[in-house]
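Structure assessment
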Amino acid sequence: QWHLGLAKSRIAAAEQNEPDYLLQSLSPEPGQRYFDGNLGMAHDALLIASRGALVVAMEIDPIVRAITESGLHALANSDAPLADAAQRIEILEGDHETFLQNAAANSFDGIFFSPMFVEPDFRANDLDGLREIAHHQWLHLETLTEARRVSSKVVVKLERGCHPEMPNPAGG
């Protein structure tokens, strides 16, 4: 079953001006567009959408997508404080590599990748079943290069040293 998880505490902390690594890196503003390459349970997407930004989010696993989409749909149609944020998230099912290859240059203000199933620092019993079915593919350098082409500002890769370094921005 889907739940707000860490999104709720991260959003509350951000509202109290506590630092958050993703918010600091992306600096989302109302009306900006972001691409979440690893939707998972949508905790990062909700954080960004809570700042008024629009988030297009990709999930490769159909079961994870269905669970998250159902949860976000219920949230969006409720009177909960984060209902408006949930309404600003568009969910797509598929592979972020193919999506980025077909996306127009500079079509997003920022792109972020945060695989939820790769060597977590903590145990969450409610996620154990999903960890069994989740895709564990690493990001490829080509994907990061495409992300840099598609993002007009920033690409963020949240992991602990498992992926290649980011390509340098064009011209820089």
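Report on the accompanying structure. Throughout, a residue's number is its position along its own chain's written sequence, starting from 1. Reporting of local features is limited, given that this is a predicted model, to residues whose pLDDT is at least 70; pairs of side-chain atoms are given and counted only at 80 or more, and all residues count toward the totals for whole chains, interfaces and linings. Side-chain measures here rest on the full set of heavy atoms in the structure, leaving out hydrogens and waters.

1. Topic: the overall build of the protein
- Looking only at helices and strands, one finds 8 helices and 5 strands in the protein.
- Numbering of helices and strands starts at the N terminus; helices are DSSP runs of H or I of at least 4 residues and strands are runs of E of at least 2. Reading the protein from its N end, one meets helices and strands in the order α-α-β-α-β-α-α-β-α-β-α-α-β.
- Sorting the 172 residues of the protein into buried and exposed places 45% on the buried side.
- Residue pairs in contact within the protein that sit at least 24 positions apart in sequence constitute 68% of those at least 6 positions apart.
- To be clear on the numbers: accessible area is Shrake-Rupley with a 1.4 Å probe, and residue cover counts the displayed protein chains and nothing else. As displayed, the protein offers around 9,000 Å² of accessible surface, 50% of which is attributable to carbon and sulfur atoms. Categorising residues by exposure relies on relative accessible area from a 1.4 Å probe, with only protein chains included: less than 20% of the type maximum marks a residue as buried, more than 50% marks it as exposed, and the intermediate range marks it as partly exposed. Any two residues whose heavy atoms approach within 4.5 Å are treated as being in contact.

2. Comments concerning the packing of aromatic side chains
- For this analysis, a ring pair means two rings from Phe, Tyr or Trp (six-membered ring only for Trp) whose centres lie within 6.5 Å, classed as stacked if their planes differ by under 30 degrees, edge-to-face if by over 60, and tilted for the remaining angles. All told, the structure shown has 3 aromatic pairs when counted by the stated rule.
- Ring plane angle 5° and centroid distance 4.6 Å describe the contact between F35 and F99, whose orientation is recorded as stacked. You can see F35 sitting in strand β1 (residues 33–36) and its partner F99 sitting in helix α6 (residues 96–102), a full 64 residues away along the chain.
- Overall, F99 belongs to the partly exposed group, its relative accessible area being 22%.
- On the numbers, 5.7 Å between centres and 50° between planes, the contact of F35 with F108 is tilted.

3. Quick look at the pattern of salt bridges
- Only one rule defines a salt bridge in this text: a Lys or Arg side-chain nitrogen within 4 Å of an Asp or Glu carboxyl oxygen. The full count for this structure, using the stated rule, is 6 salt bridges.
- A salt bridge links R10 to D44; the shortest N-O distance between them is 2.5 Å. With R10 in helix α1 (residues 6–15) and D44 in helix α3 (residues 43–49), this residue pair connects regions lying 34 residues apart in the sequence.
- Taking the shortest distance from any N to any O, the salt bridge between R88 and D84 comes out at 3.7 Å.
- Classification of D84 by relative accessible area gives partly exposed; the value is 40%.
- Among the charged side chains, a salt-bridge network with shared partners connects R10, D20 and D44.

4. With respect to the sheet that holds strand β5 (residues 151–157)
- Spatially, 5 strands are ordered β3-β2-β1-β4-β5 in an open sheet, and the strand pairing comes out parallel. Each edge of the sheet is formed by a strand with only one pairing partner; in this case those strands are β3 (89–93) and β5. For this sheet, the mean inter-axis angle between neighbouring strands, taken without regard to orientation, is 15°.
- Note that β1 and strand β4 (residues 108–113) share 3 bridges and pair parallel. Across the sheet, the residue bridging to F35 is I111, located in β4.
- Whenever a helix is involved, its axis is fitted only over the stretch in contact; in every case the axis is a line through C-alpha atoms, and angles between N-to-C directions fall within 0 to 180 degrees. Contacts from helix α4 (residues 62–76) reach β2 (54–59) and β3 within the one sheet, and its direction differs from that of β3 by about 160°.
- In the packing of helix α8 (residues 141–150) onto the sheet, contacts are made with β4 and β5, and the angle to β5 comes to roughly 145°. Between any two strands, at least two bridges found by DSSP are needed for them to pair.

5. Some words on the nonpolar core
- The definition of a nonpolar core used throughout is a set of buried Ala, Val, Leu, Ile, Met, Phe, Trp, Tyr and Cys residues joined through side-chain atoms within 4.5 Å. Residues L22, L46, I48, V55, L72, I89 and F112 are the most contacted members of the largest nonpolar core, which totals 31 residues.
- Looking at this core, the elements that each hand over two or more residues are α1, α2 (21–26), α3, β2, α4, α5 (83–87) and β3.
- Of the residues forming this core, the biggest block, 5 residues, is contributed by α3.
- The residues contacting I89, other than those within four sequence positions of it, are A45, L46, A49, V55, A57 and L72.
- Judged by nonpolar contacts, the second largest core, of 13 residues, contains A103, I111, A147 and V155.

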